[in-house]
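Structural overview
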Amino acid sequence: MKNNKNSNIETKIKKLSADILKDYGQGRTIDKMNAFTSPDMDVVVDILDKLQKILFPGYYRNKNFHFYTAENNLQTLVEDVLFNLTKQISMYLRYLPECKDADYRATKDKAQEIAMKFMSRIPKIRDLVETSVQAEFEGDPAAFNKDEIIFCYPGMYAIMVFRLAHEFYDLGVPMLPRIMSEYAHGKTGIDIHPGATIGRYFFIDHGTGIVIGETTIIGDNVKVYQGVTIGALSTRGGQTLRSKKRHPTIEDNVTIYSGASILGGETVIGHDSVIGGNTFITMSVPPESNVSIKSQELHISNKKGHADTEAKELDQDKTWFYTI
């Protein structure tokens, strides 16, 4: 009886498999089955992990290595990253029209050249990351020390991955930068498109829910809190909007508080401005402005309804003050 039952389940499994295989044969995008020649998300995550070790040599190390001199450790990491990057980039390049029908050797040679160029930019990336570590420490009184920022702050991780992914974007590698940035997005809740341009001393505080679009330009010494959207005013144009400036420009020394939405490719937030929480901005703001929602009264009463108290938000003393 038991054998008959198992045989019946096996028959059903074979039937289900046959039905699914038949569904695979419809020629749709989701029916593609060339898994061995497609990009590998696990390998990309491993590359990010090793790049983090290269960027922060005193904080992260490969526990599989049994030698700890900086030179040997680094050479092993660099060789490993270059090998896997070359292999992955060669797959991504086939998404480009000019590489679609290229032979394997030509694609591999181009991928190796790109991987070498990327690795040569590591000192530049480290310099930019260091400025964010400094900005995070100076701007957050809750930070015990810089080690805590590197180990614990999700904003720091998101910025690091952005800096890496942006270089691949700049080198014209398709898809790989987005895979990297979306991995960081899933891990931190911070969504920074690798195409964005972000200056030095960029500071993300808390960070969950931040969205920064592809054509955003952010200057130096900008501080952004959780829940901020720096996005497009409309994407109804779809692919016709590709390569057009759709996202705002944020000039130097701007602070954007939690929940603010700043939208539109022509929107410019002038330098040294403060954007208040939960504001919705679709127009440019002059330099040295304070932008906030119009002051609202706050009523406080105890459970018995006694001692009704009012408090009003105070306007900050700045050259410009906008209410929305």
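Scroll up for the structure.
Our next topic: the pattern of salt bridges. Tallying each qualifying case throughout the model produces twelve salt bridges. For Asp80, the salt bridge is made with Lys50, and the minimal N-O distance between the two is 3.9 Å. Pair noted here: Asp80 is in helix H3 (residues 70–93) and Lys50 is in helix H2 (residues 41–55), with a separation of 30 residues, a long-range link. Of the residues examined, Lys50 reaches a relative accessible area of 10% and is grouped as buried. Its salt-bridge partner being Glu182, residue Arg178 comes within 3.4 Å of it at the nearest N-O pair. Here Arg178 pairs with Glu182, and both are found in helix H8 (residues 176–188), just four residues apart, close to one helical turn.

Looking now at H8. Across its 13 residues, H8 extends 18 Å between first and last C-alpha, which sits within 8% of the 18 Å expected from 1.5 Å per residue. Taken together, the buried positions of H8 are Leu176, Pro177, Ile179, Met180, Ser181, Ala184 and Thr188. After H8 finishes, the residue Gly189 shows a positive phi value of roughly 80°.

So, about the sheet that holds strand S2 (residues 197–198). An order of S2-S5-S8-S11 is seen for the four strands of this open sheet, with the pairing classed as parallel. If you trace the sheet from one side to the other, it starts and ends with S2 and strand S11 (268–269), each paired once. Here strand S8 (residues 249–250) runs beside S11; their pairing, made up of two bridges, is parallel. The residue of S11 that forms the bridge with Thr249 is Val268.

Calculation criteria
- Residues numbered from 1 in each chain as written.
- Predicted model: local features only at pLDDT ≥ 70, side-chain atom pairs only at ≥ 80, totals over all residues.
- Heavy atoms only, no water.
- Salt bridge = Lys/Arg side-chain N within 4 Å of Asp/Glu carboxyl O.
- Helix = DSSP H or I, 4+ residues; strand = E, 2+ residues; numbered from the N terminus.
- Buried < 20%, exposed > 50% of the residue type's maximum accessible area, 1.4 Å probe, protein only.
- Expected span 1.5 Å × (residues − 1).
- Pairing = 2+ DSSP bridges.

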